[in-house]
Amino acid sequence: MLTLIAPAKINLYLEIVGDRPDGFHELVMILQNIALNDRLTLDFSDSPQHQVICDHAQLRDPAENLVYKAATLMAQTFPTAFGKYGGVLIRLEKNIPIAAGLAGGSTDAAATLVGINLLWHLGLTQPELEALAAQLGSDIPFCVAGGTAIATGRGEKLDVITSPPSLWVVLAKHDQLAVSTPWAYKTYRQQFSETYLDDPEQVPARAARLHSGPLVSAIAQGDSQQLAEHLYNDLEKVVLPAHPQVQKLRDAFAQAGAIATMMSGSGPTVFALCESEFQAQDLKRTVAAQMHDPELGFWITHLSSQGVHLAL
């Protein structure tokens, strides 16, 4: 039996640069782990089939659970090991909010791949695990690798970079609000496709520009103020007008003194960066009092350089 920590992620940068032949978008992003995490315990099962146990109602259907899909992929890819060891019992302790733009499902899937690799003694390397992860979803390879990375393609091509200073993070999300990721990208295409690159050969140059740009420089130098000034997310252009409560939350964080605030991924979670835990606690109290919304959830965490890892 083993237990894995599956950290959430936020986007420090998300730029949509064009369409891809596979129907996805060509992206240039900076992905960043945070310490908020789920815990997965894996053990051999008495059943010949995989079993996933989670007390969260939205994750009880295997067809909707990326953990089950990841375990099934491992069984299909390594039938000899599956025949030898049988099904895996996976207990999922869910702490990352669902449908929040924090890669909660993706990181759980990544932890499942890592855990079964260890449980079945497969000896897969990180690149091999990332290749498997890419079959399940665009964020999952990053969740295997973890830390801080520039992601290109549809998000599966990773270039790990130096992690930023350990800033504190306040996350906030309305409990009953969910934003469909396909809707967000489709709407962006409808409104901003004229900005897309016409020539796919221009994409590497756009990615290289981010590599040498001010945000990566600020991260490398540990300059939190410069980092804060260069956060960017194209999807805010469509999500904030459609969901004014997200814009209101973002504005509240800014007015309360966060060094930076932005929506993560396709939302609806908004994050705020702080220099210290004390500032993060104070920011949470101020914004919670201002918003006065019982359905608004808050989480305080910090940036992390760790991806999926074994619990100590």
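## Some thoughts on the nonpolar core
Nonpolar side chains in soluble globular proteins tend to be buried together.
Consideration 1: In terms of nonpolar packing, the biggest core is built from 69 residues, with L42, L235 and F253 touching the most fellow members.
Consideration 2: By residue number, the principal contributor to this core is helix α3 (residues 104-119), which donates seven residues.
Consideration 3: Residues in contact with L42, not counting those within four places in the same chain, are M1, L2, L4, V88, L89, I90, T112, G115, I116 and L119.
Consideration 4: Counting 33 residues, the second-largest nonpolar core is a separate cluster that includes I150, I219, A260 and F271.

## Regarding the pairing of strand β6 (residues 157-160)
Consideration 1: Relative to β6, strand β5 (residues 148-152) is paired through four bridges, and the arrangement is antiparallel. Looking at the pairing, T152 lines up with K157 of β6.

## Regarding helix α11 (residues 244-255)
Consideration 1: If you check α11, its first and last C-alpha atoms are 16 Å apart, about what twelve residues at 1.5 Å a residue would give, namely 16 Å.
Consideration 2: Listed in full, the buried residues belonging to α11 are V246, L249, A252 and F253. Across the axial projection of α11, the buried residues extend over an arc of 120°, all falling on one side. Those residues of α11 that are exposed and aimed more than 90 degrees away from the buried face are P244, K248 and Q255.

## Topic: the side chain of S266
Consideration 1: Examined against the element boundaries, S266 turns out to sit in the loop between β9 (260-263) and β10 (270-274).
Consideration 2: For S266, a relative accessible area of 7% gives the class buried.
Consideration 3: Within the local environment of S266, its side chain forms a polar contact with the side chain of T181, the two groups lying 2.8 Å apart.
Consideration 4: When residues no more than four places from it in sequence are discounted, the contact partners of S266 are V179, T181, A184, L235 and V239.

## A few points about helix α1 (residues 66-77)
Consideration 1: In this model, α1 (twelve residues) spans 16 Å end to end at C-alpha, consistent with the 16 Å of a helix rising 1.5 Å per residue.
Consideration 2: For α1, the complete set of buried residues consists of V67, A70, A71, L73, M74 and A75.
Consideration 3: Buried positions along α1 lie against β2 (25-44), β3 (51-53), α2 (79-85), β4 (88-93), α3 and α4 (126-134).
Consideration 4: You can read the cap of α1 off the contacts: a side-chain oxygen lies 2.9 Å from the backbone nitrogen of V67, and it is on N65.

## Considerations on unusual backbone geometry
Consideration 1: P268 follows G267 through a cis peptide bond whose omega is 5°.
Consideration 2: Within the secondary structure layout, P268 lies in the loop between β9 and β10.
Consideration 3: Even without glycine at this site, A99 takes up a positive phi of about 55°.
Consideration 4: What makes A99 partly exposed here is its relative accessible area of 41%.
Consideration 5: The backbone phi angle of H121 is positive, close to 55°, even though this residue is not glycine.
Consideration 6: Topologically, H121 is positioned in the loop between α3 and α4.

## A closer look at the packing of α3 against α4
Consideration 1: Remark: α3 packs on α4, axes separated minimally by 10 Å, with the N-to-C direction vectors making an angle of 130°. Of the possible angle classes, the one that applies to α3 and α4 is oblique. Of the two elements, α3 crosses α4, and the hand of that crossing is right-handed. For the pair formed by α3 and α4, the contact residues are L113, V114 and N117 on the first element and L129, L132 and A133 on the second.
Consideration 2: Tallied by class, the residues present in the contact of α3 with α4 amount to five nonpolar, one polar and no charged.

## Here we look at the packing of α1 against α3
Consideration 1: Following both chains from N to C, one finds α1 and α3 inclined at 30°, their axes separated by 8 Å at the closest point. The element α1 and its partner α3 pack so that their crossing is right-handed. The segment α1 lies against α3, with L66, V67, A70, A71 and M74 engaging G105, S106, D108, A109, T112, L113, I116 and N117.
Consideration 2: In terms of residue class, the contact of α1 with α3 is built from eight nonpolar, four polar and one charged.

## Examining the side chain of R20
Consideration 1: Relative to the helices and strands, R20 resides in the loop between β1 (2-19) and β2.
Consideration 2: On the basis of relative accessible area, R20 is assigned to the buried category, the value being 18%.
Consideration 3: One polar contact links R20 to E26, side chain to side chain, over a distance of 3.4 Å.
Consideration 4: Leaving out residues up to four positions away in the same chain, R20 has contacts with H25, E26, G153, R154 and E156.

## Here we look at the pairing of strand β7 (residues 168-174)
Consideration 1: With six of its seven residues buried, β7 lies for the most part within the structure.
Consideration 2: Note that β7 and β10 share five bridges and pair antiparallel. For V169, the partnering residue across the bridge sits in β10 and is L273.
Consideration 3: Note that β7 and strand β11 (residues 296-302) share seven bridges and pair antiparallel. Residue pairing across strands places V169 opposite T301, the latter belonging to β11.

Thresholds applied
- Here, residues in each chain are numbered from 1, in the same order as that chain's written sequence.
- A pLDDT threshold of at least 70 governs which residues receive local features in this predicted model, and a stricter bar of 80 or more applies before side-chain atom pairs are shown or counted, although totals over entire chains, interfaces and linings include all residues.
- Calculation of side-chain values draws on the structure's entire complement of heavy atoms; hydrogens and water are dropped beforehand.
- Put simply, buried Ala, Val, Leu, Ile, Met, Phe, Trp, Tyr and Cys residues joined by side-chain atoms within 4.5 Å make one nonpolar core.
- Three exposure classes are used, based on accessible area relative to the maximum for each residue type with a 1.4 Å probe and protein chains only: buried under 20%, partly exposed in between, and exposed over 50%.
- Numbering of helices and strands runs from the N terminus, with a helix taken as a DSSP run of H or I at least four residues long and a strand as a DSSP run of E at least two residues long.
- A contact between two residues is defined here by any heavy atoms of the two lying within 4.5 Å.
- Pairing between two strands is assigned when DSSP locates at least 2 bridges connecting them.
- For a helix, the expected span equals 1.5 Å multiplied by the residue count minus one.
- Directions drawn from the helix axis to the C-beta atoms are what define this arc.
- Pairing of N or O atoms within 3.5 Å defines a polar contact, subject to two protein rules: one partner must be a possible hydrogen donor and the other a possible acceptor, and residues neighboring in sequence count only if both atoms are side-chain atoms.
- Working convention: axes come from line fits to C-alpha atoms, limited for helices to the stretch in contact. Angles between N-to-C directions cover 0 to 180 degrees.
- Oblique is the label for any angle not under 35 degrees, not over 145, and not in the 65 to 115 range, which are roughly parallel, roughly antiparallel and roughly perpendicular in turn.
- Crossing chirality is assigned from the near helix's rotation relative to the far helix, an anticlockwise turn below a right angle marking it left-handed and a clockwise turn marking it right-handed.
- Under the grouping applied here, Gly and all other residues not named as nonpolar or charged are polar, the nonpolar ones being Ala, Val, Leu, Ile, Met, Phe, Trp, Tyr, Cys and Pro and the charged ones Asp, Glu, Lys and Arg.

Interpretation note: all reported values are geometric properties and have no functional meaning in isolation.
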